[in-house]
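Residue-level structure breakdown
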Amino acid sequence: MIDAAELRRRTAELLAAHPPAGTDRLDFLKARFDAGLAWVHYPEGLGGLGAPRSLQAVVDAELEAAGAPDNDPRRIGIGLGMAAPTILQYGTEEQKRRFLRPLWTGEEVWCQLFSEPGAGSDLAALGTRAVQEGEDWIVDGQKVWTSSAHVARWAILIARTDPHVPKHRGITYFVCDMTDPGVEVRPLRQITGEAEFNEVFLTGVRIPDAHRLGEVGDGWRVAQTTLNNERVAIGGMRLPREGGMIGPAARTWRERPELRTHDLHQRLLKLWVEAEVSRLTAERLRQQLVAGQPGPEGAGMKLAFARLNQEISGLEVELLGEGGLLYDDWTMRRPDHVDFTGREAGYRYLRSKGNSIEGGTTEVLLNIVAERVLGLPTEPRTDKDVAWKDLAR
């Protein structure tokens, strides 16, 4: 059994063999992965040691104290939080060894090709088709709201492979090479002026069957692993006290006493407490992950994340008065990572509006909490046993 002392010993050996000050950043990250110190709960040979997940913090603390580089998790969050756990659970040994190391080191960025113009909240209604031709699948369709597609090498993709069965059963899960012919990425400019999202058009894209995750027609079950991890990655991210959206609002309050009112003070106190409760609840959720895969509880964390971000950013704009209406730059940009709290208050206010859409809409997540957490009766669904080809569209 690997314990904390053993992890500290192995981390010390890594640092001695690859001193951060004199080692190329990528070389250090590769060595860390090969030493099993990337994600310690993963199997040996895949960046881990089969150790308890809770011990990752021991390694991270030792490396941070030594000034070791990290893998820029904000830039590769989709790969780390969504693609990696899905590949680990459903991938072949060959797929795991091909994809996980460059994913973790950040050599290859990932994106997620799930949502479509006609299948967002009702994701299972997706219409992107994949037709088998020999050892390949030919994919045609359109995806939307794809973060980081413009910088991604790989994508996790779900497509319809059988239109003759009910919508949840005719879906298959693939890994798509974003550099292949037929993949076209177009920017979607957001209310912030940036285009971190994209729409992706797939025209005759060939995906080898060796890049299929899970069985043919079982893509919906595979996708649930991705979606559950996505909600935890967004709503349950590790933050220090006053991390996230509450931090800038609290700093503004402390630094600008002339803006204070009794009403704003009461509202800020309430939101500060809720943000701290949410942060501690997220920590507890991560500890529960030690015992297994994330469940529907992640939906509740994602709900709290979106609501708090929108309320806190709204309070900050109100606190700043006329200054809160200022915006520094509307120049079209295509950032390489999602930044919820960057730039000034106006940006935070506008960017937070997307929090209740991305990673599962608030309406869908409320249904998940009601049905899977609280055990309430499910909503009537008349399309449950109808073949996808016969659904009204």
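Before reading on, note that the structure itself is shown above.
Residues numbered from 1 in each chain as written. Predicted model: local features only at pLDDT ≥ 70, side-chain atom pairs only at ≥ 80, totals over all residues. Heavy atoms only, no water.

**Some remarks on the overall build of the chain**
Across its full length, the chain carries 11 helices and eight strands. Taken against the 2.2 N^0.38 rule, which gives 21 Å for 393 residues, the C-alpha radius of gyration of the chain at 22 Å falls within 12% of a compact globule. Considering only C-alpha atoms, the chain reaches an extent of 70 × 55 × 45 Å along its principal axes. Across the 393 residues in the chain, those meeting the buried criterion constitute 51%. Partitioning the contacts of the chain with sequence separation of at least 6, the portion at a separation of at least 24 is 71%. For the chain, the exposed surface amounts to about 18,500 Å²; the carbon and sulfur share of it is 53%. In the chain, 49 positive and 57 negative side-chain charges are present, and the distance between their average locations comes to 2 Å. (Helix = DSSP H or I, 4+ residues; strand = E, 2+ residues; numbered from the N terminus. Rg over C-alpha atoms; globule rule 2.2 N^0.38 Å. Buried < 20%, exposed > 50% of the residue type's maximum accessible area, 1.4 Å probe, protein only. Contact = heavy atoms within 4.5 Å. Areas by Shrake-Rupley, 256 points an atom, 1.4 Å probe, with all protein chains shown as cover. Lys, Arg positive; Asp, Glu negative; His and termini not counted. Charge placed at Lys NZ, Arg CZ, Asp CG, Glu CD.)

**With respect to the nonpolar core**
Ranked by size, the top nonpolar core spans 53 residues in total, and within it W39, W110 and M178 carry the most contacts. Here this core gets seven residues from one element, more than from any other, and that element is helix α4 (residues 77–90). The contact partners of W110, leaving out residues within four places of it in the chain, are I78, G79, A83, I87, F99, L103, A152, W154, A155, I156 and V175. Listed in part, the 16 residues of the second largest apolar core include L268, L271, L308 and V317. (Core = buried A, V, L, I, M, F, W, Y, C linked by side-chain atoms within 4.5 Å.)

**So, the pairing of strand β5 (residues 171–177)**
By the criterion of burial, β5 is predominantly enclosed, with seven of the seven residues buried. Here β5 shows no split at all, with I171, Y173, V175 and D177 on one side and T172, F174 and C176 on the other all buried. Here strand β4 (residues 154–160) pairs with β5 via seven bridges, running antiparallel. Bridge pairing in β5 places A159 opposite T172. Here β5 runs beside strand β8 (residues 212–213); their pairing, made up of two bridges, is antiparallel. Counted as the bridge partner of Y173 is L213 from β8. (Pairing = 2+ DSSP bridges.)

**Concerning the environment of R101**
Mapping R101 onto the fold places it in helix α5 (residues 93–105). Here R101 falls in the partly exposed class, since its relative accessible area comes to 26%. Along the primary structure R101 and L29 are separated by 72 residues, whereas in three dimensions their C-alpha atoms are 9.5 Å apart. Apart from residues no more than four positions distant in its own chain, R101 is found in contact with K30, F33 and D34.

**Some details on unusual backbone geometry**
Unusually for a residue other than glycine, D72 sits at a positive phi of about 55°. Structurally, the position occupied by D72 is in the loop between α3 (56–65) and α4. The phi angle at E242 is positive, at roughly 65°, despite the residue not being glycine. Summarising the element assignment, E242 is placed in the loop between α6 (219–235) and α7 (246–255).

**Examining a nonpolar patch on the surface**
A grouping of V373, L374 and L376 is seen on the molecular surface, where their side chains present a nonpolar patch of about 280 Å² in accessible area. Along the chain, L376 turns up in the segment after α11 (362–373). The partly exposed category is assigned to L376, whose relative accessible area is 44%. (Patch = residues over 30% accessible without salt bridge, like charges linked within 9 Å, V, L, I, M, F, W, Y side chains within 5 Å. Salt bridge = Lys/Arg side-chain N within 4 Å of Asp/Glu carboxyl O.)

**A few points about the side chain of T161**
The residue T161 is located in the loop between β4 and β5 in this model. Judged by its relative accessible area of 15%, T161 is buried. Leaving out residues up to four positions away in the same chain, T161 has contacts with A130, W137, G170, I171, T172, F174, V216 and G217.

**Things to note about α5**
With 13 residues, α5 extends 19 Å from end C-alpha to end C-alpha; this agrees with the ideal 18 Å at 1.5 Å per step. For α5, the principal kink sits at F99 and spans about 25°; a proline, P102, occurs within the next four residues. Residues Q95, K96, F99, L100, P102, L103, W104 and T105 constitute the buried set of α5. Within two residues after α5, G106 carries a phi angle of roughly 85°, on the positive side. (Expected span 1.5 Å × (residues − 1). Bend = angle between axes of the 7 residues up to and from the residue.)

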